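For reference, the chains in residue letters:
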Amino acid sequence: MADMLIHVEQARSMSYLAAMRASEPSRRERRRALAAAKVVVGNACRYVGQEAVQLHGGMGVTDEIAVSHLFRRLTALEMALGDTAHHLEQFVAASAQVEGT
């Protein structure tokens, strides 16, 4: 559960950073910060959801408790507007552009 909390706090911090960088004048810096946040949040969604199901054992995949519903929502959130792999590629491309200029 401690690792789950760390993932949640990391995702929250990256979301704050992306929100602060949203007003950057450089489009590349905005894209880079938003892609990084999407990667960290996506990884956190998947990790926390999977661990929550594991913590609940066999009940974690049944419809009787909220964990299975929340895990499905986290999975949908991770896939929304491009999955984590897509945004990781975007981050790498934006980082290469920043280093190249």
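Residues numbered from 1 in each chain as written. Predicted model: local features only at pLDDT ≥ 70, side-chain atom pairs only at ≥ 80, totals over all residues. Heavy atoms only, no water.

Peer 1: I'd like to hear about the overall build of the protein, residue by residue, with values.
Peer 2: Counting its secondary structure elements, the protein contains 4 helices and 0 strands. Overall, the protein shows an N-to-C arrangement of helices and strands of α-α-α-α. In terms of its C-alpha atoms, the protein occupies a principal-axis envelope of roughly 55 × 20 × 20 Å. Across the protein, the fraction of contacts at a sequence separation of at least 24, relative to all contacts at a separation of at least 6, is 65%. Accessible surface, the protein: about 6,700 Å² in total, of which carbon and sulfur atoms supply 61%. Of the charged side chains in the protein, 11 are positive and 11 negative; the average position of the first set lies 9 Å away from that of the second. (Helix = DSSP H or I, 4+ residues; strand = E, 2+ residues; numbered from the N terminus. Contact = heavy atoms within 4.5 Å. Areas by Shrake-Rupley, 256 points an atom, 1.4 Å probe, with all protein chains shown as cover. Lys, Arg positive; Asp, Glu negative; His and termini not counted. Charge placed at Lys NZ, Arg CZ, Asp CG, Glu CD.)

Peer 1: Describe the packing of helix H1 (residues 2-21) against helix H2 (residues 27-55), and please don't skip the residues or the numbers.
Peer 2: Axes are the key here: two packed helices are described by the angle between their axes and the distance separating the axes. Relative orientation of the contacting elements H1 and H2 amounts to 160°, with a least axis distance of 8 Å. Classified by the interaxial angle, the pair formed by H1 and H2 is roughly antiparallel. Crossing of H1 against H2: the hand is left-handed. Residues that form the contact of H1 with H2 fall into these classes: 16 nonpolar, 3 polar and 5 charged. (Axes fitted to C-alpha atoms, helices over the stretch in contact; angles between N-to-C directions. Parallel < 35°, antiparallel > 145°, perpendicular 65-115°, else oblique. Left-handed = near helix turned anticlockwise from the far one by under 90°. Nonpolar A, V, L, I, M, F, W, Y, C, P; charged D, E, K, R; others polar.)

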